[in-house]
Amino acid sequence: MSFSQDVKAEILRRKVTRPCCCASAAYAVACFGKYFDDRGIVLQTETEGVAAFAMKMYARCGINGQILRKERPAGPMFEFSVKEPAEVQKLLDLFGHTGREPALRIRPGGFKCQNCVSFFISTAFLCCGTATDPEKGYNIEFLSTRYQLSQQLEAMLAEHEFHPHRALRKGANTIYIKAGDHIEDLLTFMGAGNAAMRIMEQRMYNEMRNKTNRLSNCETANMGKSVQAAVQVQKAIRQLEEAGALDTLPAPLPETARLRMAYPDLPLARLAEKFDPPVSKAGLSHRFKRIQQAAQRLSRPTPADGKENNA
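**Digging into the sheet that holds strand β8 (residues 172-177)**
- Here four strands make up an open sheet; going across it, the order is β5-β6-β8-β7 and the pairing antiparallel. In this open sheet, the two edge strands, each paired with only one partner strand, are β5 (129-131) and β7 (165-169). Across the sheet, the axes of successive neighbouring strands diverge by a mean angle of 25°, strand direction being ignored.
- Note: strand β6 (residues 140-144) against β8, five bridges, orientation antiparallel. Paired with Ile 140 across the strands is Ile 177, a residue of β8.
- Relative to the sheet, helix α7 (residues 180-189) contacts β6 and β8, its axis offset from that of β6 by approximately 65°.

**Some points on the environment of His 97**
- Structurally, the position occupied by His 97 is in the loop between α4 (85-95) and α5 (116-128).
- Residues His 97 and Ser 122, 25 residues apart in the sequence, show an inter-C-alpha distance of 22 Å.
- The residues contacting His 97, other than those within four sequence positions of it, are Tyr 27, Phe 36, Leu 92, Leu 104, Arg 105 and Arg 107.

**Describing the confidence of the model for the chain**
- Confidence in the prediction for the chain averages 89 pLDDT; 96% of positions are at 70 or higher.
- Confidence drops under pLDDT 50 across residues 306-311; counting only partners more than four residues distant or on other chains, this segment forms zero contacts.

**As for the pattern of salt bridges**
- The final tally for this structure, using the stated rule, is ten salt bridges.
- Here Lys 70 ties to Glu 79 by a salt bridge, and the two come within 2.9 Å at their closest N and O atoms.
- As a salt-bridge pair, Glu 141 and Arg 169 come within 2.6 Å of each other at their nearest N and O atoms. With Glu 141 in strand β6 and Arg 169 in strand β7, the pair connects residues that are 28 residues apart, well separated along the chain.

**Focus on the packing of aromatic side chains**
- Enumeration according to the criterion identifies nine aromatic pairs in this entry.
- Taking the centre distance of 6.2 Å and the plane angle of 90° together, the rings of Tyr 58 and Phe 95 count as edge-to-face. Of this pair, Tyr 58 sits in helix α3 (residues 48-60) while Phe 95 is found in helix α4, placing the two residues 37 residues apart along the sequence. In terms of burial, Tyr 58 and Phe 95 fall into one category: buried.
- By the ring-pair criterion, three or more aromatic residues cluster together here, those being Tyr 27, Phe 32, Phe 36, Tyr 58, Phe 80, Phe 95, Phe 111 and Phe 120.
- Geometry around Phe 125 places Lys 8 over its ring, the cationic atom sitting 5.8 Å from the centre.
- The side chain of Arg 169 reaches across the aromatic face of Tyr 176, ending 4.9 Å from its centre.

**Description of the sheet that holds strand β1 (residues 35-37)**
- Strand order in this open sheet of four strands is β1-β2-β4-β3, and the pairing throughout is antiparallel. Each edge of the sheet is formed by a strand with only one pairing partner; in this case those strands are β1 and β3 (66-70). For this sheet, the mean inter-axis angle between neighbouring strands, taken without regard to orientation, is 15°.
- By the bridge criterion, five bridges tie β3 to strand β4 (residues 77-82) in an arrangement that is antiparallel. Bridged to Leu 68 within β4 is Glu 79.
- Running over the sheet, α3 touches β2 (40-45), β3 and β4 and is turned about 15° from β4.

**A closer look at unusual backbone geometry**
- A cis geometry characterises the amide bond from Ala 251 onward to Pro 252, with omega recorded as 5°.
- A cis amide bond, omega 0°, links Asp 276 with the succeeding residue Pro 277.
- Within the element layout of this structure, Pro 277 appears in the loop between α10 (268-272) and α11 (281-299).
- A positive phi angle, near 55°, is found at His 163, a position not held by glycine.
- Note that His 163 resides in the loop between α6 (147-159) and β7.
- Under the relative-accessibility criterion, His 163 is labelled partly exposed at 45%.

Rules of the game
Once a new chain begins, its residue numbering starts again from 1 and follows that chain's sequence as written. Reporting of local features is limited, given that this is a predicted model, to residues whose pLDDT is at least 70; pairs of side-chain atoms are given and counted only at 80 or more, and all residues count toward the totals for whole chains, interfaces and linings. To get the side-chain values, take all heavy atoms of the structure and skip hydrogens and water. Paired strands, in this sense, are two strands between which DSSP finds at least two bridges. Counting from the N terminus, the helices are the DSSP runs of H or I reaching at least four residues and the strands are the DSSP runs of E reaching at least two. Here an axis means a line fitted to C-alpha atoms, over the contact stretch when the element is a helix, while the angle between two N-to-C directions is reported on a 0 to 180 degree scale. Note on contacts: a residue pair is in contact if any heavy atoms of the two residues lie within 4.5 Å. Along the chain, pLDDT gives the predictor's confidence residue by residue, from 0 to 100. Between Lys or Arg on one side and Asp or Glu on the other, a salt bridge is scored when a side-chain nitrogen of the former is within 4 Å of a carboxyl oxygen of the latter. Only Phe, Tyr and Trp rings take part, Trp by its six-membered ring, and two of them pair if their centres are within 6.5 Å. Stacked means planes under 30 degrees apart, edge-to-face means over 60, and tilted covers everything else. Here's how the labels work: a residue is buried when its accessible area is under 20% of the maximum for its type, exposed when over 50%, partly exposed in between, all with a 1.4 Å probe on protein chains only. Placement of a charge over a ring requires the Lys NZ or Arg CZ to be within 6 Å of the ring centre, with the centre-to-atom vector within 35 degrees of the ring normal.

Set out below in structure tokens:
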């Protein structure tokens, strides 16, 4: 199963005990299904469990509906509906709607206890929500063709500090949350604690991997600088040797040069230990700078050379 399906399966295992919470879940089905008006309601879903959950919530509210299975090349579609006039009137009375509203709006007065909003939002996710696999990214979305409902859902999520955002994509109003910690909180709020733990574990793994990569990149960069510096020192030593000027350098530079050439790949700190007595890393670095400066002086033309060339 996909991560979205895992989240929905976990929400479906959540127990709804209070009548007011059942009504809130049923209300979310009406608001975020295919349609809700004086003809009744229709919810279409690819998950049979979601359709069964919807019928169960309505049955607990004393409203009878039915489920139809529709075959498609891409897979079956399950349609839960309430269309019988008597049952439609019951649900309109339950939700406080006429079914002829020009713009459907959520009636917050229908939420009677602190869990009602939780069941409303979790059921909205069952009807129109998707969640990205945490290995690919952090994202939860709610899609609806109804502008007012999307705006109100965004406000509800914001009220609980889930920090939602809203966008219009391909004609659908999309409410989305991208921050990993806010997604964890929302999943927990909707009753999908195991899915929230998966997000948390993935975030920890990503943070550790990023930290390791940063350290590795930093170490690689430092190694590159060290190798480049060692190469420059060895080049200067060879230049002095070829000119016969190495032994003319003041002590202890000749010994330093010979040890560098004897251990060309040894890091600066370990090379410093080869001296008797050992020298500090900073002291060794200073000696190498003096050797390089001596080699640079060899390559500079003397004043006399300059006059001859001008002549």
